[in-house]
Amino acid sequence: MAITGIDTELAKSYLERGQLVAIPTETVYGLAGNALDQQAVLSIFEVKNRPSFDPLIVHIDSFEKLEGVVADMQEQARLLAEAFWPGPLTLLLPKNPDIPDLVTSGLDTVAVRVPNHPLTLALLGSLDFPLAAPSANPFGYISPTQAKHVETQLGDKIPYILDGGEAGVGIESTIIGFPEGMPLVYRLGGLAIEEIEKVIGPVQYLPHSTSNPQAPGMLKSHYAPRKPFQLQEKVDQATLSSDAPTGYLLFDKYLDEVPIEYQRVLSPEGNLLQAAHNLFSYLRELDAMDVQEIRAEMVPDTGLGRAINDRLRRAAAH
Ligand code: TXA
Ligand code: MG
């Protein structure tokens with residue numbers, strides 16, 4: 001069983017021996033290993049049960065360490081890194097040959113970010129290698145936003161969970177790349193597109209698909225609870241489930257007709273930051289409840305709401 005604690009020295013010693021450690025970030029918890037160690041990277045795929053065609057994000061603690069990860073950096077990427085790192089933004093850049101092909105699933109770009117969490121920044125600062133880290137959930141399930149989520153699902157497979165409390169943002173990083181020099185968002189996430197556009201102007205978004213070889217890992221069915229999951233524009237009285245006990249994931253209002261314990265309201269104030277923060281832990285709570293299905297409604301499709309709706313749609317595609 002994994003030990004859970006706040007000992008970055010201990011975390012470091014496991015990582016230096018090629019073992020895996022769960023690390024807190026501001027978005028979700030990551031399952032981290034030495035990005036330069038093939039064996040460590042292989043075990044990330046094994047522990048997560050992740051297909052090898054789905055590449056990993058490399059984590060560093062400073063701009064200076066980018067040199068060891070990427071081969072070069074164009075102007076727009078540099079502007080974004082300056083504006084948003086540390087933070088919930090992942091850049092796709094030409095890969096440095098030192099990064100094993102396993103990390104990038106053979107692509108010539110590498111995904112890289114500086115996460116904004118004091119414990120993980122301290123850990124990264126003490127290491128002389130970057131950390132490859134996907135979200136610390138079994139492939140296809142909901143990403144973990146608390147140490148106990150990791151413990152429940154991967155606790156018997158890794159030695160240590162670095163406990164940084166609840167992830168503040170609560171939704172994975174926004175991924176942006178520059179194919180043919182044009183900015184393209186590959187995954188909506190914790191940094192709103194509107195914020196990115198303030199810095200580099202209009203960007204395109206690549207909607208997810210079930211089979212797009214250009215975008216590995218942008219699989220439609222993802223982030224899914226185990227229970228049947230239905231997504232509606234709005235849940236109201238007319239659409240309530242009459243028969244089976246049902247759990248409800250709502251945006252800002254409780255339903256009068258349903259017992260309160262079967263409801264989770266993402267943000268009673270209608271705040272999208274708060275909704276993103278609560279999304280994955282509420283989905284887990286509903287999944288663990290004594291209900292036969294989960295019904296969810298969409299949130300306003302602006303700012304972080306777009307990333308939330310993206311996760312809800314993917315969960316429903318299961
Ligand atoms: O917030 C986050 O990004 C979290 C924390 C731990 O940093 N990490 C995370 O990793 O969400 P993961 O592995 O669950 O999602 C990474 C996504 C995958 O969908 C993968 O396909 C995509 O990034 N990706 C990685 N490298 C890529 C590349 N070179 N080109 C296109 N997509 C890439
Ligand atoms: Mg993931």
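No experiment lies behind these values; they were computed from the predicted model shown.

With that out of the way, let us pick up the environment of Asp-54. Tracing the sequence through the fold places Asp-54 in the loop between α2 (38-48) and β4 (57-59). A C-alpha to C-alpha distance of 6.3 Å links Asp-54 and Ser-105, two positions 51 residues apart in sequence.

Where the parts come together, the accessible area they lose is often given as the size of the interface. Domain boundaries assigned for the protein yield domain 1 (3-205) and domain 2 (229-317). Summarising the inter-unit geometry, the C-alpha centres of domain 1 and domain 2 are found 28 Å apart. Taken residue by residue, the interface counts 25 residues in domain 1 and 17 residues in domain 2. Where domain 1 abuts domain 2, roughly 1,700 Å² becomes buried across the two surfaces, and 54% of that area is made up of carbon and sulfur atoms. On the domain 1 side of the interface with domain 2, the three residues burying the most area are Ile-142, Ile-171 and Leu-188, jointly 33% of the side's total. Summed over the shared surface of domain 1 and domain 2, the number is one salt bridge. With a shortest N-O distance of 2.9 Å, Glu-172 and Arg-311 are connected by a salt bridge. Along the contact surface separating domain 1 from domain 2 lie 10 residue pairs in polar contact (both at pLDDT 80 or more). Those elements giving two or more residues to the side of domain 1 that touches domain 2 turn out to be α6 (147-154) and α7 (193-200). Tallied by class, the residues present in the side of domain 1 that touches domain 2 amount to 12 nonpolar, nine polar and four charged.

So, on to unusual backbone geometry. The linkage connecting Trp-85 with the following residue, Pro-86, adopts the cis geometry, with an omega of -10°. By the secondary structure assignment, Pro-86 is in the loop between α3 (75-84) and β5 (89-94). Backbone geometry places Ser-105, a non-glycine residue, at a positive phi of 50°. The topology assignment puts Ser-105 in the loop between α4 (101-104) and β6 (109-113). By relative accessible area, Ser-105 is classed as partly exposed at 24%.

The subject of this paragraph is the pattern of salt bridges. Scanning the entire structure with this criterion turns up 15 salt bridges. Salt-bridge contacts for Arg-50 lead to Asp-54; the nearest nitrogen and oxygen are separated by 3.4 Å. Asp-54 gets classed as buried once you look at its relative accessible area, which sits at 5%. With a closest N to O distance of 3.3 Å, Arg-314 and Asp-310 form a salt bridge. Of this pair, Arg-314 and Asp-310 both sit in helix α9 (residues 304-316), separated by four residues, roughly a single helical turn. Both residues of the pair, Arg-314 and Asp-310, belong to the buried class. Sharing partners across several salt bridges, the network here consists of Glu-172, Asp-310, Arg-311 and Arg-314.

Reading the values: the criteria
- Residues numbered from 1 in each chain as written.
- Chains lettered and ligands numbered in written order.
- Predicted model: local features only at pLDDT ≥ 70, side-chain atom pairs only at ≥ 80, totals over all residues.
- Heavy atoms only, no water.
- Helix = DSSP H or I, 4+ residues; strand = E, 2+ residues; numbered from the N terminus.
- Domains from an automatic or database assignment.
- Contact = heavy atoms within 4.5 Å.
- Buried area = accessible area lost by both parts, 1.4 Å probe.
- Salt bridge = Lys/Arg side-chain N within 4 Å of Asp/Glu carboxyl O.
- Polar contact = N/O pair within 3.5 Å; in protein donor to acceptor, adjacent residues only side chain to side chain.
- Nonpolar A, V, L, I, M, F, W, Y, C, P; charged D, E, K, R; others polar.
- Buried < 20%, exposed > 50% of the residue type's maximum accessible area, 1.4 Å probe, protein only.

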